[in-house]
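A closer look at the structure
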Amino acid sequence: MISELTEITELAESATFRGWIFYDAACSSCRDLATRFEGSFAARGFHFEPLQHEWVQQRLNLTKDEALTEMRVLTRAGETFGGADAVIFLARQIWWAAPLAWLARVPWAHALLHRLYRWVAAHRTCAINAAPAPSAISRTRWFPLAVLPLLALSTKFIVPAWGFMWLMAFALFFGCKWLTLGNAIRRESRCPFRALAYLFAWPGMEAARFLSQELAPPQSRSAVLKSTGGATVRILLGLFLLFAVARHAAEPLWAGWIGMMGMVLLLHFGFFDLLSAGWRALRVNAPPIMNSPLRSTSVGEFWSHRWNAAFNDLALRLVFRPAVRPLGIAGATLLAFFASGLIHELVISLPARAGYGLPSAYFLAQGLGVLAERSSFGKWLGLRTGVRGWIFTMLVVAAPAFWLFHPPFVTRVILPFMQAIGAL
């Protein structure tokens, strides 16, 4: 005890020391977070200590039961933060988490963070108790996907077309997230904190990979800076296209297409890449969902590895693999692309009230392109490698793109949305 107090005193007197972060060492999710954040906060002068230590409880003037109700931060100056306030304080110390601290300045957001933290804290002891939350998610894994799109559909005639598009997109997205989360935790109990992060703070659909307790390879500082710097540039470029370039387009359709390109850069290549960089800095296995799609040398490579990995993971596991045995590879491939087309019909043609069948035709064309390049004739032509493969891929993917984002969708949904946000 004397040596421990001596070490604490020496630490507190260190010029670089800024404070302690106290956590519940009996909770596996808390230990996991402490392990992932330890290096980042040590470089900033903060040290992790378990709340179970007697000196910690004495320093905080709390009983053992009181101490374990929430995480705490104690600064060198004697300031104490607990729960959501501790999270907000720590978010200010890391540049990529600073937006959370800025958001917390808004009263309703601050109250929401407190409610969310209390819920997580109440369910965090997954290493001690049988976790009811994961089992409940597993039992209801299909329910949101069946119900939420119907609820979104009920708003079709009471919200603008662009509002209905976003509601339907979020309904399908969250329903799929819940389904993949339920499938993952059905095989192994998972901690609620990571499950919440997967649902609300990560766009990917590979739940087992994201929820894995194994640490991902560490990211060098230069790699993190490169990832975040590139994502920031793409966000700025997307904003420029959306709010500056689109309004000067000669034709409304061109304005809509430029705006959509700006949105894709802003979200898929920008914000989602920032999330990936943040999670990988914490050594969570969360690779970017976009992987240099313009480098694709085959249609199969484009859709399976480089474009929107979130949706591709979902189609592979829920449609392609179950259909391979009864339909064969060719049939399962076409079915997976057709399912993609139907989902896009709900988000594109249904809000536009026109263009039905065009998104499905686009994705069937992609499936046929994959089968063509894998055929003996396609292999003979070299459609899966090199320059020929790249040209074939761009023709198949880009040439019929107006089937996917057809003119009625652009004029009735995208342009009004751009007007609503002040981009036009």
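Bear in mind that the values here come from a model prediction, so they are computed numbers and not experimental data. (Residues numbered from 1 in each chain as written. Predicted model: local features only at pLDDT ≥ 70, side-chain atom pairs only at ≥ 80, totals over all residues. Heavy atoms only, no water.)

All right, on to the sheet that holds strand S1 (residues 19-23) then. If you walk across this open sheet you meet the four strands as S2-S1-S3-S4, and the pairing is mixed. Only two strands of the sheet have a single partner each, and these edge strands are strand S2 (46-50) and strand S4 (80-82). With direction set aside, neighbouring strand axes in the sheet form an average angle of 20°. Of the strand pairs in this sheet, S1 and S2 are connected by five bridges, and their pairing is parallel. (Pairing = 2+ DSSP bridges. Helix = DSSP H or I, 4+ residues; strand = E, 2+ residues; numbered from the N terminus. Axes fitted to C-alpha atoms, helices over the stretch in contact; angles between N-to-C directions.)

This part covers the packing of helix H17 (residues 358-374) against helix H19 (residues 386-398). Two elements in contact, H17 and H19, have axes whose closest approach is 9 Å; the angle formed by their N-to-C orientations is 160°. By the angle class used here, H17 and H19 are roughly antiparallel. With respect to the hand of their crossing, H17 and H19 are arranged in right-handed fashion. Mapping the contact onto sequence places Tyr362, Ala365, Gln366, Gly369, Ala372 and Glu373 in H17 and Phe392, Val396 and Val397 in H19. Considered class by class, the residues forming the contact of H17 with H19 number six nonpolar, two polar and one charged. (Parallel < 35°, antiparallel > 145°, perpendicular 65-115°, else oblique. Left-handed = near helix turned anticlockwise from the far one by under 90°. Contact = heavy atoms within 4.5 Å. Nonpolar A, V, L, I, M, F, W, Y, C, P; charged D, E, K, R; others polar.)

Our next topic: the environment of Gln366. Mapped onto the fold, Gln366 is located in helix H17. The class for Gln366 is buried, based on a relative accessible area of 0%. Residues Gln366 and Val397, spaced 31 residues apart in sequence, show a C-alpha to C-alpha distance of 6.9 Å. Filtering out sequence-adjacent residues up to four positions away, Gln366 remains in contact with Val299, Trp303, Phe337, Val396, Val397 and Pro400. Within the structure, Gln366 has its side chain in polar contact with the side chain of Trp303 (distance 3.0 Å). (Buried < 20%, exposed > 50% of the residue type's maximum accessible area, 1.4 Å probe, protein only. Polar contact = N/O pair within 3.5 Å; in protein donor to acceptor, adjacent residues only side chain to side chain.)

Under the criterion given, the structure shown has one cavity of 30 Å³ or more. Approximately 40 Å³ is the volume attributed to the largest cavity. For the lining of the largest cavity, the secondary structure elements donating two or more residues are helix H2 (28-42) and helix H11 (192-200). No other element matches the four residues that H2 contributes to the lining of the largest cavity. Split by residue class, the lining of the largest cavity holds six nonpolar, no polar and three charged. (1 Å grid on protein atoms, 1.4 Å probe; cavity = no way out; pocket = protein on both sides within 12 Å on 5 of 7 lines; lining within 4 Å. Points joined across faces, edges and corners; volume = space filled by probe spheres on them.)

The next subject is the environment of Phe81. Residue placement: Phe81 occurs in strand S4. Remark: the alpha-carbon pair of Phe81 and Ile21, spanning 60 residues in sequence, is separated by 9.6 Å. The contact partners of Phe81, leaving out residues within four places of it in the chain, are Met71, Arg72, Val73, Thr75, Ala86 and Phe89.

Inspection of the secondary structure puts Ile414 in helix H21 (residues 407-420). Accessibility expressed as a relative area gives 3% for Ile414, which makes it buried. In sequence terms Ile414 and Ala255 are 159 residues apart; their C-alpha atoms lie 9.4 Å from each other. Residues within four places of Ile414 in sequence aside, it is in contact with Gly256, Met260, Met263 and Phe409.

Our focus in this paragraph is helix H15 (residues 299-306). Buried residues dominate H15, accounting for six of its eight residues. All buried positions along H15 are accounted for by Val299, Gly300, Glu301, Phe302, Trp303 and Arg306. On its buried face, H15 sits against helix H16 (309-352), H17 and H19. Two residues or fewer past H15, Asn308 is found with a positive phi of approximately 45°.

In this structure the tally under the stated criterion is 29 aromatic pairs. Measuring from centroid to centroid gives 6.1 Å for Trp257 and Phe405, while their planes differ by 85°, and the two rings are edge-to-face. Here the residue Trp257 occupies a position in helix H14 (residues 252-281), and Phe405 occupies one in the loop between helix H20 (401-404) and H21, the gap between them amounting to 148 residues. (Phe/Tyr/Trp six-rings, centres within 6.5 Å; stacked < 30°, edge-to-face > 60°.)

Right, let's talk about the pattern of salt bridges for a bit. Taken as a whole and judged by the stated rule, the model has four salt bridges. Between Glu70 and Arg72 there is a salt bridge; the shortest N-O distance is 3.4 Å. For Glu70, a relative accessible area of 23% translates into the label partly exposed. Owing to a relative accessible area of 13%, Arg72 belongs among the buried residues under this scheme. (Salt bridge = Lys/Arg side-chain N within 4 Å of Asp/Glu carboxyl O.)

As a further point, take the pairing of S2. For S2, the buried fraction is high: four of the five residues fall into the buried class. With H2 bridging S1 and its parallel neighbour S2, the resulting β-α-β unit is right-handed. (Right-handed = clockwise from strand over helix to strand, strands pointing away.)

This part takes up unusual backbone geometry. Within the chain, Asn61 stands out as a residue other than glycine whose phi angle is a positive 60°. Relative to the helices and strands, Asn61 is located in the loop between helix H3 (54-60) and helix H4 (64-67). At Arg283, a position not held by glycine, the phi torsion is positive, near 65°. Mapped onto the elements, Arg283 comes out in the loop between H14 and H15. Relative accessible area serves as the criterion here: at 27%, Arg283 is assigned to the partly exposed category.

From the geometry alone we can't say anything about function, so treat these as descriptive.
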